[in-house]
Amino acid sequence: MPMLSAYGTIRHRIVRRKGLSVIMDTIIATVAARVKTATSMVALTGAGVSAESGIPTFRGPEGLWQQYRPEDLATPQAFARDPRLVWEWYDWRRQKIAPASPNPAHEVLAHFEKIVPDFLLITQNIDGLHRLAGSRSLIEMHGSIWHVRCLAEGSVRENRAVPLGALPPRCPCGSLLRPDVVWFGESLSPDDQRRAFAAAESADVFLTIGTSALVQPAASLPIVAKDRGAFVVEINPVPTPISALVDAHLQGAAGVILPQILAAVAQH
Ligand code: OAD
């Protein structure tokens, strides 16, 4: 299968000068044809999908990890050391996320669930925007910023208070609450992980969208899908470590490219 890419090769740079839209349209038509005939499809999303909703990504020049250190804020050790500091960061992020709305990328992905017989959306995002857009066949593999977990009881409940009030928040039992998210050094839910890898292994089409493809185990999913014969498509404004492996790289914003794919599916 030849690799389709909207950047990178000499031929494509020449095309870009003549008009990048020609090659983009060709790749989009190819991807749309695959989507249209897929019986099983998986989409993996990362922070880039929510960038157009005004939520900062982690890496890159404007990314959160330019300003903050993950080891201070997103590890169990950081929480044990200073739960108040960790909660201040999550409370700030909740205040940024609360007014945000799903963008066209979230909406198209919710629509794919209606047109592809077996569709699973796997997100690394904890912002809840996929659910808000209507996605239900969804794994939030890094948890949800809107869920809190009691350290003593292990019970999880929804908490949408913005701002949270006294920090760190406490369970009615008196114990500390923590964000119900997966931090660095922690394991994903075994059930989520099993379902995600099983879906990647059986997908006809795998989309990887708005993720730097640097954090495991999510970063392995497109590789597993490719090894098992899926047509793998990446949507990202910049190349990532997996760009060389994918069948089609669409360089650009998810909120622009996904609606173009959906329009091409409708025409096909
Ligand atoms: P990153 O911040 O690492 O990557 C975001 C990706 O989105 C980058 O490759 C951007 O180029 C791309 N991007 C930016 N704007 C985009 C747009 N409009 N459309 C499409 N792509 C766009 O975020 P993740 O890959 O999600 O984990 O990061 C994975 C995990 O690392 C996160 O879940 C988080 C983080 O540290 C934890 O906090 C545990």
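Residues numbered from 1 in each chain as written. Predicted model: local features only at pLDDT ≥ 70, side-chain atom pairs only at ≥ 80, totals over all residues. Heavy atoms only, no water.

Tracing the backbone shows A32 in helix α1 (residues 10-37). Separated by 64 residues in the primary sequence, A32 and K96 have C-alpha atoms spaced 34 Å apart. With residues near it in sequence (within four places) discarded, A32 still touches I261, A264 and V265. (Helix = DSSP H or I, 4+ residues; strand = E, 2+ residues; numbered from the N terminus. Contact = heavy atoms within 4.5 Å.)

Next up on the list: the pattern of salt bridges. By the definition in use, this model includes ten salt bridges. For R194, the salt bridge is made with D191, and the minimal N-O distance between the two is 2.8 Å. Here R194 and its partner D191 are both found in helix α9 (residues 190-202), three residues apart, which amounts to about one turn of the helix. Across the pair E201 and R228 runs a salt bridge, and its minimum N-O distance is 3.9 Å. Highlighted residues: E201 in helix α9 and R228 in the loop between α10 (221-227) and β9 (231-236), separated in sequence by 27 residues. For R228, a relative accessible area of 54% puts it in the exposed group. Taken together, the shared-partner salt bridges connect R69, E71 and D72 into one network. (Salt bridge = Lys/Arg side-chain N within 4 Å of Asp/Glu carboxyl O. Buried < 20%, exposed > 50% of the residue type's maximum accessible area, 1.4 Å probe, protein only.)

Now for the pairing of strand β5 (residues 143-150). Of all eight residues in β5, six are buried; the element is thus mostly enclosed. As defined by bridge partners, β5 adjoins strand β7 (residues 177-181) across four bridges and the pair is classed as antiparallel. Residue G143 lies in a different strand from β7, and its bridge partner there is V181. The antiparallel hairpin formed by β5 and strand β6 (residues 156-158) contains five residues in its connecting segment, where G154 sits at a positive phi of about 80°. (Pairing = 2+ DSSP bridges.)

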